[in-house]
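Coordinate analysis (summary)
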Amino acid sequence: MAPMPTHKKRGLAGLAWRITMPVRRLIGGDASDNNVEARLAVTYFLAEMLAAASRTYPIWKKLLDGAFAECSLSFDERRTLFDMHPIDDFYFAGVVALECARMRGHYGPLEASEILGEVGEQVDAVAGRQDRVVSDLVFHILGKIELGAGVGRMKAPYDKVVKAILQQMGVLENEITSAQMRDKALRHVLGEPLALGVPQWWKAFQAQFRLYWPTAEERAAEQPSQDDLPAPMRTPEPTSVPLRGRRRRRAVAF
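Just so you know, these numbers come straight off a predicted model, no measurement behind them. (Residues numbered from 1 in each chain as written. Predicted model: local features only at pLDDT ≥ 70, side-chain atom pairs only at ≥ 80, totals over all residues. Heavy atoms only, no water.)

1. Concerning the packing of helix α5 (residues 87-103) against helix α6 (residues 109-126)
What counts, and what does not: All axes are obtained by fitting lines to C-alpha atoms, using only the stretch in contact for helices, and the reported angles, taken between N-to-C directions, cover 0 to 180 degrees. Going along the chain from the N terminus, every DSSP run of H or I of four or more residues is numbered as a helix, and every run of E of two or more is numbered as a strand. When an angle is under 35 degrees it counts as roughly parallel; over 145 it counts as roughly antiparallel; between 65 and 115 it counts as roughly perpendicular; any other value is oblique. Should the near helix be turned anticlockwise from the far one by less than a right angle, the crossing is termed left-handed; should it be turned clockwise, right-handed. The contact criterion used throughout is that any non-hydrogen atoms of two residues lie within 4.5 Å. Amino acids are sorted into nonpolar (Ala, Val, Leu, Ile, Met, Phe, Trp, Tyr, Cys and Pro), charged (Asp, Glu, Lys and Arg) and polar (every other residue, Gly among them).
Axis separation between α5 and α6 bottoms out at 12 Å; the angle between their running directions is 165°. The orientation of α5 relative to α6 falls into the category roughly antiparallel. Judged by the sense of rotation from one axis to the other, the crossing of α5 with α6 is right-handed. Within the contact between the two elements, α5 uses F92, V96, C100 and M103 and α6 uses A112, I115, L116, V119, V123 and V126. Considered class by class, the residues forming the contact of α5 with α6 number 10 nonpolar, no polar and no charged.

2. Some remarks on helix α8 (residues 157-169)
Filter applied, for reference: Here the expected span of a helix is defined as 1.5 Å times the quantity of residues minus one. Residue exposure (1.4 Å probe, protein chains only): buried if accessible area is under 20% of the type maximum, exposed if over 50%, otherwise partly exposed.
With 13 residues, α8 extends 19 Å between its outermost C-alpha atoms, agreeing within 8% with the 18 Å of an ideal straight helix rising 1.5 Å per residue. Among the residues making up α8, those that are buried are P157, Y158, D159, V161, V162, A164, I165, L166 and M169. Looking one or two residues beyond α8, the residue adopting positive phi is G170, at roughly 95°.

3. Description of the packing of aromatic side chains
Note the cut-off: Paired rings are identified among Phe, Tyr and Trp, the last through its six-membered ring, by centres lying within 6.5 Å, and are further divided according to the angle between planes into stacked (under 30 degrees), edge-to-face (over 60) and tilted (the rest).
Applying the stated rule across the entire model yields 10 aromatic pairs. Between F45 and W202, the ring centres sit 5.2 Å apart and the planes meet at 45°, which makes this aromatic pair tilted. You can see F45 sitting in helix α3 (residues 38-68) and its partner W202 sitting in helix α10 (residues 201-208), a full 157 residues away along the chain. Neither F45 nor W202 differs from the other in exposure class; each is buried. Measuring from ring centre to ring centre gives 5.0 Å for W60 and Y91, while their planes differ by 40°; the resulting arrangement is tilted. One end of the pair, W60, is in helix α3; the other, Y91, is in helix α5, and 31 residues separate them in sequence. Among the aromatic residues, those joined into a ring-pair cluster are F45, Y107, W201, W202, F205 and F209.

4. A few points about a nonpolar patch on the surface
For the record, the criterion: Distance thresholds for patches are 9 Å for like charges and 5 Å for nonpolar side chains (Val, Leu, Ile, Met, Phe, Trp, Tyr), applied to residues having over 30% relative accessible area and no salt bridge. Methods summary: accessible areas were calculated by the Shrake-Rupley approach with a probe of 1.4 Å, and residue burial reflects only the protein chains presented. The salt bridge criterion pairs a side-chain nitrogen of Lys or Arg with a carboxyl oxygen of Asp or Glu, the two atoms within 4 Å.
A cluster of nonpolar side chains, I59, L63 and V189, forms an exposed patch at the surface whose accessible area comes to about 220 Å². Mapping I59 onto the fold places it in helix α3.

5. Here we look at the pattern of salt bridges
Here the structure, examined in full by the defined rule, presents seven salt bridges. Note that R129 and D89 form a salt bridge whose closest N and O atoms lie 2.7 Å from each other. Of the two residues, R129 is situated in the loop between α6 and α7 (133-147) and D89 in helix α5; the sequence distance between them amounts to 40 residues. The residue R129 makes a salt bridge to D131 at a minimum N-O spacing of 2.8 Å. Residue D131 is classed as partly exposed on the basis of its relative accessible area of 32%. Ionic contacts of the salt-bridge type, sharing partners, join the residues D89, R129 and D131 into one network.

6. Remarks on the confidence of the model for the chain
Detail in the predicted coordinates should be disregarded across regions flagged by low pLDDT. In plain terms, the rule: The predictor attaches a confidence to each residue, and that confidence, scored 0 to 100, is pLDDT.
Counting all residues, the mean pLDDT for the chain is 76, and 68% of those residues have values of 70 or more. In the predicted structure, residues 232-254 sits below a pLDDT of 50 and forms 42 contacts with residues beyond four places in sequence or in another chain.

7. Here we look at the side chain of Q122
Selection rule: Under the rule applied, a polar contact is a pair of N or O atoms within 3.5 Å (in protein, one hydrogen donor and one hydrogen acceptor; residues adjacent in sequence only if both atoms are side-chain atoms).
Along the chain, the position of Q122 falls in helix α6. Among the polar contacts made by the side chain of Q122, one reaches the main-chain carbonyl oxygen of R39 at a distance of 3.2 Å. A polar contact of 2.8 Å, which involves the side chain of Q122, links it to the side chain of T43. Setting aside chain neighbours within four positions, we find Q122 in contact with R39, V42, T43 and L46.

Spelled out as structure tokens, the structure:
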């Protein structure tokens, strides 16, 4: 049995180790080949973002409720604002979008576009949705961050996230609540859980691993033969397709 470490890793190295531990377990903690398929990396990324959203959402929702507590809304108006929207899913989309915006600073345009395409394919299922509410909001927020101050200049990209979530809730559609969108102090308060609670996953990942995209032949080799499958699982057409060249929704540069 290997000896237990005498102290924990600190700083960025410690953060990178903790964030990427599931990936290390998959390929082997001391493996010299640290190449990870992009699809798998995105799967772990979204799992970590879901965990971050779950940790910080209760705090954020409490701040949100307090912000609108003194608004003179009728029962129906309050119900429309808070009960008719999947606010927790909106928040998860904001968490994913915020870290995806930071990701674009660590990868080239082509790689970032492929990563975003994979995020678009997986994120709705991770949120437990059958529609594209979460993925559409992720890319909408990304566009807002890119068109605004931009994450590169670090001018509060989480403010763009908060604005987008409030807009998605329909805050602008009510005369009483629309003033909240213009309250910078309130948006700053609502942005704190995002600014402090979303780990820089891609920065930590890039420090430890390299991404790769399998070829069409490698993809096909990973698929079991039709003869090896039970009869109910056999399909008349092959199911494997290459990652590159596949039609990918919204994998675009903003």
